[in-house]
Amino acid sequence: MAGDKLGHRGKNLLPRGFGSRPWLFQTYESNKNQSCTFLNLLNKSLEKRILPALKGKVCLGCYGEWLLLSDELTRECFFQSIISFSKIYIPTFPESPDFFRANVSITAPPNTTRCIIVLVYSEKTFLYICSPERKRWNKVPLRYFDHKTDSLLGASAIHNRQLFVVTTGEETLAIDVDPLVRGCVKMTVIEELRVCPVVSDWDTYLVKCAGNLFLVLVHCYGFAQGIIHVEVRRLEGSCNDMHWRRVQDIGDHAFFLAGSCGRSLPANKAWGTQRNCIYFPENYNEGLRLYKFCLDDQVLDFTLLPESKSGWNTIQWVFPMKKKQTAEEDIFNSSDVSKSEDTDSSIIGQEAEIERDTPRRWDELPIELLELLFSRLSLVDCLRFPSVCKEWSKASSFSRRGVIWPWLMHLPNLKFGSCKFFDPFNCKEYTLMSDAVVGACDHLALRFSKDGWVVATEGNKKIFMLNPFTGQVIKLPPAPTLPFKDYIFDGISFVSDPTSPDFVVYGFVFQICGEFVEISSWRPGEEEWTLFEFWPDIPFYPTSNNPVLFQGEYYCLGRKGELGVFNPELKTWNVLSEPEPIYPSVPQMENEFCHLLELDGDLISVFRTDELKKPIRVFKLNQSKMVWEKIEDLGNMTLFVDHRNSIAIRSPEEKYANRIYVTRFEGTDVKKGLFYSLEDKRYYPDIQRVVEPVTCVWMEPNLQIYK
């Protein structure tokens, strides 16, 4: 084990306070020296530095203050302290490794004899292992993949003397480290992950925390597209009975993710970190975003860092070294979940109490007067209205005469069954307790809404409808299983209300290559879905949005802007030759959020990216010419779009017209909904910090109880 030092001169190159708290460390090449950017979590400030010692080096990973570096030309490999700039050399790589696909797991600080380094490559079926005291890297093939098409996904961690790696087949391999050092492979295969069924892509991270191993799944809408969900699972069981269990609490710790690596530290307000939160950076064309996901309320927010570099560069978290190596063994209380609700929110529900100032009998008021009173109440008061007495509950069954606009519904805590609703026009948030969502043990996704009803899916099979305001739930049969796709429908819709004899639910499944379409239908009383399979002559490349019932047929939007049509009466599927697609070829997988909706008797398509500096494009189908025409004005209409659902309404006031509301807010104490103005061709308000609930859907409240 060899070492050298740069001297105290290197310390002057670092930001003040570096080494005493977590810092985000980003490197990129300049003309002469290795430029670096350090992010201070406390105030989100960026400090640029030039570190000559890092010129021409690739950063593979880190352990505490130690960066694992490799020279791009000589393949020389060594650890270097980012604080003292001391070096500890390890064996040179025998071949040119693909550093862009590499993930490193390190068992202990490199200045100890317990240090073992394991290098895992994504899309490979082998790994490298060595230590500072060994003379060479050992290449260890994994025979587990000999008769499989799967490979390593990249994420890895060493926990309890086992190396855990995730595969592209959504399995986790637990490999004993001690035999691995000798070139022997002894492993256990952990069950499939069964990743969230409504996403196109995901990143995986393995994080050790307080004696436990956690798996973090960061779900993306599509290739190079926005983050839409973060899921945490904890490893449970022992030996041959290990499995992942979804959790919503990591205790008083915070997780830090970057590249394919994950670390944990106790949260510390002095560092700018919050308990039960996950921090990770993501590169976009507009710059570097620092995300924070709060597990308490299931809300994702990001700050666009000023003057940050975009494109590929090395991004690592650098942590202060702990005085005790057993610091990760601190007491961990997984049941320590905050049960308090936001005191500024209004608690609404059927059992809410209304105080009475006088002993008069309110139930003696004439029903006509009650109906008049009810028609003049706000929506929140309408929800409180039925709990006064039996006679008042009769009045609440009348149709509401006022104007109702969409609210954003999201699920902050499934354990207690809380639903939150955000009113974008009045900038108010309300909380409702619903038994329908209590205790969901798998990923719960809100997929579609109509007439106050929300279609939700749990995991890969369960599907149900709920009206969160009336508390009613309709359970549907498990979704059908397909040989090429083990998850619930790509698109969902239903006809009429649940009491109508015409009520029917439709689910759409598309093969990603566009060659196969399966459409399922279900009516009340049926025990399973009825399937219709189609092998069209013209491929249809689907987007992740729901079909639209238009003139008696279901229209689906493709990634090129093409239209596919299902006729529920004739049970036929056709890909229309007109209109001409907006794109001449199929875009890279899901580079845009795409929406299709009906607007005043016309079909409207909306294309938007995740970047707030790029404009939203809106097209209207000219039905006489059968062409898409770009429009710049929605008139007095307002659109509401989430990741899969979209709603159009006539604006209740002129100031809300010609806008497109998305599922984000300004990241302040007073929430303001983010919207895109077609008139000004930009988003409002102009903000740097954006907040977004991860499990959400736009829905129009409906108080009607169906019997």
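Counting from 1, residues in each chain are numbered in the order their sequence is written. Local features in this predicted model are restricted to residues of pLDDT 70 or higher, and side-chain atom pairs are both shown and tallied only at a pLDDT of 80 or more, whereas totals for entire chains, interfaces and linings draw on every residue. As a convention, hydrogens and water are excluded, and side-chain values are obtained from all of the structure's heavy atoms.

Looking at an unreviewed UniProt entry, the protein carries the name F-box protein family-like, with the source organism given as Rhynchospora pubera.

**A closer look at the overall build of the protein**
Here is the rule we go by: Numbered from the N terminus, helices here are DSSP runs of H or I no shorter than four residues, and strands are runs of E no shorter than two. Here, residues are in contact when the closest pair of their heavy atoms is within 4.5 Å.
Within the protein one finds four helices and 52 strands. Contacts spanning at least 24 positions in sequence make up 52% of the contacts within the protein whose residues lie at least 6 apart.

**Focus: the pairing of strand β17 (residues 212-220)**
Condition: Each residue's exposure class comes from its accessible area (1.4 Å probe, protein chains only) as a fraction of the maximum for that residue type: buried when under 20%, exposed when over 50%, partly exposed otherwise. Strand pairing is assigned whenever DSSP identifies at least 2 bridges connecting the two strands.
Among the nine residues that make up β17, eight are buried, leaving the element largely enclosed by the rest of the structure. The pairing of strand β16 (residues 201-209) with β17 spans nine bridges and is antiparallel. Its bridge partner lying in β17, Asp201 is registered against Cys220. In sequence, β16 turns back onto β17 through a hairpin of two residues, with Ala210 there showing a positive phi of about 50°. As judged from the seven bridges shared by β17 and strand β18 (residues 227-236), these two strands associate in the antiparallel manner. Residue pairing in the sheet places Val216 in a bridge with Val232 of β18.

**Looking at unusual backbone geometry**
Of note, the amide linkage connecting Glu578 to Pro579 takes the cis form, showing an omega dihedral of 10°. Here Pro579 is to be found in the loop between β41 (572-575) and β42 (593-599). Backbone geometry places Ala210, a non-glycine residue, at a positive phi of 50°. Along the chain, the position of Ala210 falls in the loop between β16 and β17. Even without glycine at this site, Asp600 takes up a positive phi of about 55°.

**As for the packing of aromatic side chains**
We count it as follows: Centres within 6.5 Å are what make two rings of Phe, Tyr or Trp a pair, Trp counting through its six-membered ring; a difference in plane orientation under 30 degrees is then read as stacked, over 60 as edge-to-face, and the rest as tilted. The criterion for a charge sitting over a ring is simple: Lys NZ or Arg CZ within 6 Å of the ring centre, and within 35 degrees of the ring normal.
On inspection of all chains with the given rule, the structure shows 44 aromatic pairs. One Lys or Arg, Lys87, reaches over the ring of Phe78 and ends 4.6 Å from the middle of that ring. The cationic tip of Arg659 hangs over the ring face of Phe675; the distance from NZ or CZ to the ring centre is 3.8 Å.

**Quick notes on the nonpolar core**
We count it as follows: Each nonpolar core is a collection of buried residues, namely Ala, Val, Leu, Ile, Met, Phe, Trp, Tyr and Cys, held together in the definition by side-chain atoms within 4.5 Å.
Val216, Ile227, Ile278, Phe280, Val618, Leu634 and Ile660 are the most contacted members of the largest nonpolar core, which has 43 residues in total. For this core, the element with the highest residue contribution is β17, accounting for four residues. What Ile227 contacts, discounting residues up to four positions off in sequence, is Val218, His219, Cys220, Phe280, Glu282, Tyr284, Tyr291, Leu300 and Glu692. In this structure, Val299, Phe425, Leu444 and Leu446 belong to the second largest nonpolar core, which totals 31 residues.

**Considerations on the sheet that holds strand β32 (residues 462-467)**
The following threshold applies: Axis definition: a line fitted to C-alpha atoms, limited for helices to the stretch in contact. Angles are taken between N-to-C directions and run from 0 to 180 degrees.
In space, the four strands of this open sheet follow the order β30-β31-β32-β33, with antiparallel pairing throughout. Every other strand in the sheet has two partners, leaving β30 (444-450) and β33 (472-476) as the edge strands with one partner each. Averaged over all adjacent pairs, the angle separating strand axes in this sheet is 25°, with direction ignored. In this sheet, β33 lies alongside β32 in antiparallel orientation, the contact comprising five bridges. By the bridge assignment, Ile463 is partnered in β33 with Leu476.

**Quick look at the environment of Cys556**
With respect to the helices, strands and loops of the structure, Cys556 is situated in strand β39 (residues 553-557). Assessed through its relative accessible area of 5%, Cys556 is described here as buried. Distance in space between the C-alpha atoms of Cys556 and Phe508 is 9.3 Å, their sequence separation being 48 residues. Apart from residues no more than four positions distant in its own chain, Cys556 is found in contact with Phe508, Phe510, Phe540, Pro547, Glu562, Leu563, Gly564, Trp573 and Leu596.

**Considerations on the side chain of Thr273**
This is how it is decided: Side-chain atoms alone can form a polar contact between residues adjacent in sequence; in general such a contact is a pair of N or O atoms within 3.5 Å, and within protein one must be able to donate a hydrogen while the other accepts it.
With respect to the helices and strands, the residue Thr273 is situated in the loop between β21 (261-266) and β22 (277-284). Under the relative-accessibility criterion, Thr273 is labelled buried at 6%. Here Asn268 takes part through its backbone nitrogen, which lies 2.8 Å from a polar atom of the side chain of Thr273. Discounting residues that sit within four places of it in the chain, Thr273 has contacts with Leu41, Phe256, Ala267, Asn268 and Tyr279.

**Section: the pattern of salt bridges**
Worth spelling out the cut-off: Salt bridge, as used here, is a side-chain nitrogen of Lys or Arg placed within 4 Å of a carboxyl oxygen of Asp or Glu.
Enumeration according to the criterion identifies 19 salt bridges in this entry. A salt bridge links Arg234 to Glu236; the nearest nitrogen and oxygen atoms lie 3.3 Å apart. Given the relative accessible area of 22%, Glu236 is considered partly exposed. For the salt bridge of Lys420 with Glu429, the shortest nitrogen-to-oxygen distance reads 3.8 Å.

**Some details on the environment of Thr149**
Secondary-structure assignment places Thr149 in the loop between β11 (138-141) and β12 (152-159). Residues Thr149 and Gly169 lie 20 residues apart in sequence; the distance between their C-alpha atoms is 8.5 Å.

**Considering the sheet that holds strand β45 (residues 627-630)**
The strand order across the open sheet formed by four strands is β42-β43-β44-β45, and the pairing between neighbours is antiparallel. The open sheet has two edge strands, β42 and β45, and neither has a second partner. For this sheet, the mean angle separating the axes of adjacent strands, direction not counted, is 30°.

**As for the pairing of β11**
Residue alternation in β11 divides its side chains into a buried set, Asn138 and Val140, and an unburied set, Lys139 and Pro141. Pairing geometry for strand β10 (residues 126-130) and β11, over four bridges, is antiparallel. Within the sheet, the bridge partner assigned to Leu127 lies in β11 and is Val140.

**Examining the state of the cysteines**
Threshold: Our working definition of a disulfide is a cysteine sulfur pair at a distance within 2.5 Å.
Tallied over the full model, the rule gives zero disulfides. In this structure Cys115 is a free cysteine whose sulfur lies 7.9 Å from that of Cys130, the closest cysteine sulfur available. For Cys115, a relative accessible area of 2% translates into the label buried.

**As for the confidence of the model for the protein**
Stated precisely, the cut-off is as follows: Every residue gets a pLDDT, meaning the predictor's confidence in that residue, from 0 to 100.
Per-chain confidence: the protein averages 80 in pLDDT, with 77% of residues scoring 70 or above. Per-element mean pLDDT across the protein ranges from 37 in strand β26 (residues 346-348) up to 96 in strand β46 (residues 637-641). The model gives residues 1-10 a pLDDT under 50, and that stretch makes 20 contacts with residues more than four places away or in other chains. Predicted confidence for residues 322-358 stays below pLDDT 50, and this span has 72 contacts to residues more than four positions away or in other chains.

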